[in-house]
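The lines below spell out each chain.
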There are 2 protein chains.
Amino acid sequence: MKTNTVKALYTKGMSFDIEIGGHIITVDAGKEVGGQGLGPSPKPLMLASLAGCTGMDVVSLLKKMRIDFDEFNLKIEGELNDEHPKKYNKIVLYYQFTGNDIPLDKVEKAVTLSLDKYCGVSAVYKQVIDLRYVLEINDKISEAVKV
Amino acid sequence: MKTNTVKALYTKGMSFDIEIGGHIITVDAGKEVGGQGLGPSPKPLMLASLAGCTGMDVVSLLKKMRIDFDEFNLKIEGELNDEHPKKYNKIVLYYQFTGNDIPLDKVEKAVTLSLDKYCGVSAVYKQVIDLRYVLEINDKISEAVKV
């Protein structure tokens, strides 16, 4: 069994330096909520974690499938509910590719393999959050599909 | 309703630059799994998100209670299961304070208010992950308490 450890050191105001496997990330609250905006705020990091997790899966799977692309962006939107605790109730992932001859079915296969089987972050979120994905290949945009 | 957005741009290898509210974080896989270790790997960012969220709550609540401390570290350990998808099945938060005259009951009040009421990250995780906290004030260490 593997264990991941992070260590957050409180610095000042609302800011923490968080050590993650030898890398330091500063998190802070935005100026509108009493912080100084020295780094990203915590809740979007939940989305960044998801982006990295499924993004790496998809890159790795497309490479195995020998699918080339020019550019890959993964935009993630998370809707927060209004009452406390303010948590995500819906997350939409937009997998955006540009390039020539990118087959939609292969991209969909890679994305669903990640979200259904490999990504340990989406595996947690989808149990309690409405998680959907959209595929965008050049100008072609698919319907949102629920995971 | 508020929406958070992050944008991950694939750069090279397993690495992505993720834009979060004007800040860029590079995530990468470790060298042992085909990456170059250019930044933190995605899954520990789930723990960093939790650290920032509850850490800021606790700092803010202790300030309101007029409780002073010299140092505050928040260590978080997440145990991953072995089979795919490799997700956290247990997370332990260690709230570590040093300083004079820090009342345990007030710290516990701040921590439980965060984990029960305010923190939108723990609110998601605790529904599907065994979440526990430990309070460490100077040399005094409490039992782990399930959230």
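Residues numbered from 1 in each chain as written. Chains lettered and ligands numbered in written order. Predicted model: local features only at pLDDT ≥ 70, side-chain atom pairs only at ≥ 80, totals over all residues. Heavy atoms only, no water.

1. Considerations on the relation of the copies chain B and chain A
Phase 1: Here chain B sits on chain A after a turn of 180° about the axis and a move of 0.0 Å along it, with an RMSD of 0.0 Å. Each copy turns onto its partner about a two-fold axis. Considering only C-alpha atoms, the part of chain B nearest the rotation axis is B:M46, at 2.7 Å.
Phase 2: Interface overlap between copies: 100% of the residues of chain B at the interface are likewise at the interface in chain A, consistent with a symmetric, same-surface contact. (Least-squares fit on C-alpha atoms with pLDDT ≥ 70 in both. Contact = heavy atoms within 4.5 Å.)

2. Observations concerning the domain arrangement of chain A
A common way to state how big an interface is: give the accessible area lost once the parts meet.
Phase 1: Structurally, chain A comprises domain 1 (1–40) and domain 2 (42–146).
Phase 2: The distance between the C-alpha centroids of domain 1 of chain A and domain 2 of chain A comes to 25 Å. (Domains from an automatic or database assignment.)

3. Quick look at the pairing of strand β1 (residues 2–12) of chain A
Phase 1: Where β1(A) and strand β4 (residues 71–80) of chain B come together, eight bridges link them in antiparallel fashion. If you follow A:A8 over to β4(B), its bridge partner there is B:L74.
Phase 2: Where β1(A) meets strand β2 (residues 15–20) of chain A, six bridges bridge the pair, whose relative direction is antiparallel. Note on β2(A): the bridge partner recorded for A:K7 is A:E19.
Phase 3: Between β1(A) and β2(A), which pair antiparallel in sequence order, lie two residues; one of them, A:G13, sits at a positive phi of approximately 55°. (Pairing = 2+ DSSP bridges. Helix = DSSP H or I, 4+ residues; strand = E, 2+ residues; numbered from the N terminus.)

4. Here we look at the interface of chain B and chain A
Phase 1: Each side of the interface is counted separately: chain B has 67 residues, and chain A has 67 residues.
Phase 2: A buried area of about 5,800 Å², summed over both sides, lies between chain B and chain A, and 73% of it is on carbon and sulfur atoms.
Phase 3: Summed over the three residues of chain B that lose the most area to chain A, namely B:N4, B:V6 and B:M56, the buried surface amounts to 11% of that side.
Phase 4: Across the chain B-chain A interface, the total number found is zero salt bridges.
Phase 5: Remark: the boundary between chain B and chain A carries 20 residue pairs in polar contact (both at pLDDT 80 or more).
Phase 6: For the side of chain B that touches chain A, the secondary structure elements donating two or more residues are β1 (2–12), β2 (15–20), β3 (23–27), α1 (42–64), β4, α2 (104–118) and α3 (120–125) of chain B.
Phase 7: In terms of residue class, the side of chain B that touches chain A is made up of 39 nonpolar, 16 polar and twelve charged. (Buried area = accessible area lost by both parts, 1.4 Å probe. Salt bridge = Lys/Arg side-chain N within 4 Å of Asp/Glu carboxyl O. Polar contact = N/O pair within 3.5 Å; in protein donor to acceptor, adjacent residues only side chain to side chain. Nonpolar A, V, L, I, M, F, W, Y, C, P; charged D, E, K, R; others polar.)

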